[in-house]
Amino acid sequence: MNDENDGYFYHPLDNIEDAEVFETAIDRRVFNRKLSPDRPYTYWTLELYDQENGIRGGGGLGVLAADTRRVAEQVKVPFVLITPFYPSQTHQRWQDGEIIDDHISVDYHNYGFEKVGDVSVKCCGNDCKLEVIEKSFENTRIVAITEPNFGELYSGLSGSDHRLYQEVSLGFGGYQALKLLGLKPAIMQLNEVATFFAALVRLDELTSNGMDFYEAVVYTRKHTLYTNHTLVQAAEAEFSLQQFENFVFPNLKSRAVKKWLADKFADNKIKLSSVTIEIAELRSGVSKLHARVANYHDIAGERVKFKAITNGIDLRKWILPEIIKFYHEEEILDEFDLPTANFAGNLKALSSDLILGFKEIGRRILNEELSKRPDQNGKILKFEERELIFDFKRRFVDYKRPQLPFKDPMRLKEILMKYNAHYIIAGRVHTGDSRMAKILTEILEVVNADDFLREHVHYIADYDEKLAYALSVGSNVAINVPIVGLEACGTSWEKDVGNLNLLISTHDGGVADGSTSDYLSVRGMGEDEEALELYRRMEEAGEAWRNGEKLSSLIQKQLSGFLPVISGARMLKDYLDYLLPE
Ligand SMILES: *Cc1c(COP(=O)(O)O)cnc(C)c1O
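Since we're looking at a predicted model, the values are computed, not measured. One numbering rule holds for all chains: residues counted from 1, following each sequence as written. Local features in this predicted model are restricted to residues whose pLDDT is 70 or higher, and side-chain atom pairs enter the listing and the counts only when it is 80 or higher, whereas totals over whole chains, interfaces and linings include all residues. With hydrogens and water stripped out, all remaining heavy atoms of the structure feed into the side-chain values.

Undergrad: What exactly am I supposed to notice about the site of the ligand here?
TA: We call a residue near a molecule or strand when any one of its heavy atoms sits within 4 Å of it. Around the ligand sit 15 residues, and of these Lys400, Ala468, Thr491, Ser492 and Lys495 come closest. Any pair of N or O atoms that falls within 3.5 Å is considered a polar contact. Within protein, one atom must be able to donate a hydrogen and the other to accept it, and sequence-neighbouring residues count only if both atoms are side-chain atoms. Interatomic distance of 2.5 Å between a side-chain N/O atom of Lys400 and an oxygen atom of the ligand. Here an oxygen atom of the ligand sits 2.7 Å away from a polar atom, N or O, in the side chain of Lys495. Burial of the ligand by the surrounding chains reaches 97%, relative to a free accessible area of 390 Å². Counting only elements with at least two residues in the shell around the ligand, the list comes to α2 (60-75), α17 (465-474) and α18 (492-498). Using the Shrake-Rupley algorithm and a 1.4 Å probe, accessible areas are obtained, with residue cover drawn only from the displayed protein chains. A run of DSSP states H or I qualifies as a helix once it reaches four residues; a run of E qualifies as a strand once it reaches two. Both are numbered from the N-terminal end.

Now the structure itself:
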């Protein structure tokens, strides 16, 4: 293959001699890989949850994307995140006993994005123009495509034309955007199958520039990582051949690629996972358990293996700065926020006095955030420094079981009375999820019907990053009880562990990377038993917050089990080890 036909993108590892080797200023041994500012790690995602940069996501998938870029920035990995900028967002409020969605428009100019140029994609016979906007940081960039009618994140059904339009725009438009900026991806990480089209364009580019089709497939596969967050392939939406004829095929240049893609349809239907698996040789799941149980098959019917790379969080974003400082001073975390070799021993320095002191600082932050967000009865909450707070903060979806703690409301009441504690619920109900909206309404009816519960159980609407942060730093006990086997990883519990809250959880998702003795685990056959166990664990947590020795020993145990898991730097290092082995 000569230079003229190797296409715009090429295989960087085939050119090791002339590849610029990017050296991170801080430590070459840890993060020095074959990446450079114009040949970066590229990360493709339909969802980014990064309110500071004007982009509000739906949940964990977007938080993960934002944190991955932040960690890359911090450890100086050249990294470009490609995502849509949605010109409209949904916010929620609680009014007259129900959830109300408000749609708010967002202007990228207010968030430091600059317009770089325009690109276009073909859809339904038209050229659809997309603006390319960019925000640069020291080592990383966010490149976004947008247009006034782009719509909201997850608007419409997942197999709808509008979704396909958004996905095609990100793939085809985002690829052209990188070209406009003179960037050549060294690797492409696909954050879920909705970003499949980015890898498809690469294949198309290589092939239409004269590379043999099969060679181009090998090239593309070798540097594409498909990160799966979903457990069951069967649940995935399908697109029809007609939809691809309207939105996808007109954007492809190579006849071989068109034919390859057309052959993947069965009964005129296609699931993006089936083709993503074919185009990405590297595949990861987001926790050990998830990578083991994700049930995916390739077109030949073979079970797909996923490499387990557990989601971590950007510790500096999510953890109280005073606690981060302590982790560094005691050499629990190193300068990259990786746990040190002696971190477990060094955790002995974490006394209950220190824990209580950190929690007082966190409590002030929580009170400040809650001063702007009334509870379901319009009441502004303000908590004492040492009042005990349990929280349940996560998307209000079925499998996370927000209703489990209300299995026996009188038992819950008894516990809250015994420890003079409060219970805070925060979580967005997915637009259109009338079942969960009803469950929330029912929970709050039970709460409001009881004089004590009304004063001690609070629902705070419009769950977002700020509320997630405020609760992580300011509450004491986090409740995470997904149905075992259904949480891919979850990251909100990681924010709690880092911020020295006690974790009550089922053994699922990333929590199952650890052992059940690392945290207050909820086990049982069926919901009744699990609820009983949950109440017992709540009492145990209540006792611990009254007993310094018990508290520091439980918190130390949690951190020794989970600090390596929750470290976002550990996650990025795992990705780099997998993508670009030394
Ligand atoms: C951390 C976070 C999440 C992730 O929640 P999980 O339920 O643990 O996946 C979702 N939404 C927001 C706003 C967050 O801050």
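Undergrad: Help me understand the pairing of strand β1 (residues 41-45), please; the structure alone is not making it clear to me.
TA: Consecutive residues of a regular strand have side chains that alternate between opposite faces of the sheet. Only protein chains enter the area calculation, which uses a 1.4 Å probe; residues under 20% of their type maximum are buried, those over 50% are exposed, and those in between are partly exposed. Among the five residues of β1, five are classified as buried, and the element is accordingly described as predominantly covered. Here, a strand pair is defined by DSSP locating no fewer than two bridges between the strands. The pairing of β1 with strand β2 (residues 79-84) spans four bridges and is classified as parallel. In the strand pairing of β2, Tyr41 is matched with Phe79. You can see the chain leave β1, run along α2 and come back into β2, and the turn it takes is right-handed. Of the pairings in the sheet, the one linking β1 to strand β8 (residues 187-191) comprises five bridges and is parallel in character. Paired with Thr45 across the bridge in β8 is Asn191. By definition, the crossover connecting two strands over a helix is right-handed if that path, from the first strand to the second, turns clockwise as seen with the strands pointing away from the viewer.

Undergrad: For this particular structure, what's the right way to read the packing of helix α4 (residues 196-208) against helix α5 (residues 213-222)?
TA: When two helices pack together, their arrangement is captured by the angle between the axes and the distance separating the axes. For helices, the axis comes from a line fit to the C-alpha atoms of the stretch in contact; other axes are also lines fit to C-alpha atoms, and the angle between any two N-to-C directions lies between 0 and 180 degrees. Where α4 meets α5, the axes come as close as 9 Å, and the angle between the chain directions of the two elements is 140°. Judged on the interaxial angle alone, α5 and α4 are oblique. Crossing angle aside, the handedness with which α4 passes α5 is right-handed. Residues Ala199, Arg202, Leu203, Leu206 and Thr207 of α4 touch α5, and the partners they reach there are Phe213, Ala216, Val217, Tyr219 and Thr220. Geometric relationships in this document are graded by angle, where less than 35 degrees denotes roughly parallel, more than 145 denotes roughly antiparallel, 65 to 115 denotes roughly perpendicular, and other angles denote oblique. Left-handed describes a crossing in which the near helix is turned anticlockwise from the far one by less than a right angle; the clockwise case is right-handed. The contact criterion used is simple: two residues touch if any of their non-hydrogen atoms lie within 4.5 Å.

Undergrad: Would you take a moment to explain the pairing of strand β6 (residues 126-136) for this structure?
TA: With nine bridges joining them, strand β5 (residues 114-123) and β6 adopt antiparallel strand pairing. Considered in β6, the bridge of Lys122 is made with Asp127. Connecting the antiparallel pair β5 and β6 is a turn made up of two residues, with Cys124 showing a positive phi of about 50°.

Undergrad: How do you make sense of the environment of Gly485 when you look at a structure like this?
TA: Considering the arrangement of structural elements, one finds Gly485 in the loop between β17 (477-480) and α18. For Gly485, a relative accessible area of 26% translates into the label partly exposed. Counting along the chain gives 73 residues from Gly485 to Gln558, while the straight-line C-alpha distance between them is 21 Å. If we skip the residues at most four places from it in the chain, Gly485 touches Leu231 and Asp508.

Undergrad: Help me understand the nonpolar core, please; the structure alone is not making it clear to me.
TA: By nonpolar core we mean a set of buried residues, namely Ala, Val, Leu, Ile, Met, Phe, Trp, Tyr and Cys, connected to one another through side-chain atoms within 4.5 Å. If you look at the biggest cluster of nonpolar residues, it comprises 90 residues, and the most contacted ones within it are Tyr327, Phe390, Tyr423, Leu502 and Met538. The greatest single-element share of this core, amounting to eight residues, is contributed by helix α20 (residues 548-566). Residues within four places of Tyr327 in sequence aside, it is in contact with Ile319, Ile332, Leu333, Val497, Gly498, Leu500 and Leu559.

Undergrad: Any chance you could explain the sheet that holds strand β7 (residues 140-146) here in plain terms?
TA: Hydrogen bonds between backbone groups are what pair the strands of a sheet, and the pairing can be parallel or antiparallel. Strand order in the open sheet made by the nine strands is β5-β6-β7-β2-β1-β8-β9-β12-β13, with mixed pairing throughout. Because the sheet does not close on itself, it has two edges, and the strands there are β5 and β13 (307-308). Along the sheet, helix α8 (residues 272-279) contacts β8, β9 (224-228) and β12 (282-285); its crossing angle with β9, the most-contacted strand, is approximately 140°.

Undergrad: Just to check I follow, could you spell out the pattern of salt bridges for this structure?
TA: When charged atoms on two side chains of opposite charge get close, those side chains can pair. Between Lys or Arg on one side and Asp or Glu on the other, a salt bridge is scored when a side-chain nitrogen of the former is within 4 Å of a carboxyl oxygen of the latter. As enumerated under the stated definition, the model contains 44 salt bridges in all. With its nearest N and O atoms 3.7 Å apart, the salt bridge here joins Glu238 to Lys271. In this pair, Glu238 sits in the loop between β9 and β10 (239-240) while Lys271 sits in the loop between β11 (269-270) and α8, placing the two residues 33 residues apart along the sequence. Linked by salt bridges that have partners in common, Arg56, Glu369, Lys372, Arg373, Arg428, Asp462 and Asp464 make up one network.

Undergrad: It is not clear to me how the packing of aromatic side chains should be interpreted in this structure. Could you clarify?
TA: The relation between two aromatic rings is expressed through the spacing of the ring centres and the mutual angle of the planes. Pairing of aromatic rings covers Phe, Tyr and Trp, the last counted by its six-membered ring, and requires centre-to-centre distances within 6.5 Å; plane angles under 30 degrees mean stacked, over 60 mean edge-to-face, and any other angle means tilted. On inspection of all chains with the given rule, the structure shows 22 aromatic pairs. Ring centres of Phe85 and Tyr108 lie 6.1 Å apart, and the angle between their planes is 80°; this geometry places the pair in the edge-to-face category. Taken together, the residues span a long stretch of sequence, with Phe85 in the loop between β2 and β3 (88-95) and Tyr108 in the loop between β4 (98-105) and β5 at a distance of 23 residues. Residue Tyr108 is classed as buried on the basis of its relative accessible area, which comes to 9%. Aromatic pair Phe326 and Tyr327: ring centres 6.2 Å apart, planes at 55°, arrangement tilted. Here Phe326 and Tyr327 have matching classes, each one buried. Aromatic ring contacts, followed pair by pair, group Phe172, Phe196, Phe197, Phe239, Phe244, Phe249 and Phe265 into a single cluster. Over a ring means this: the NZ of a Lys or the CZ of an Arg is within 6 Å of the ring centre and within 35 degrees of the ring normal. In this structure, Arg69 packs its charged tip against the face of Phe137, placed 3.8 Å from the ring centre. A cation sits over an aromatic face here: Arg394 above Phe392, 5.4 Å from the ring centre.

Note that all results are geometric; they support no functional claim without further evidence.
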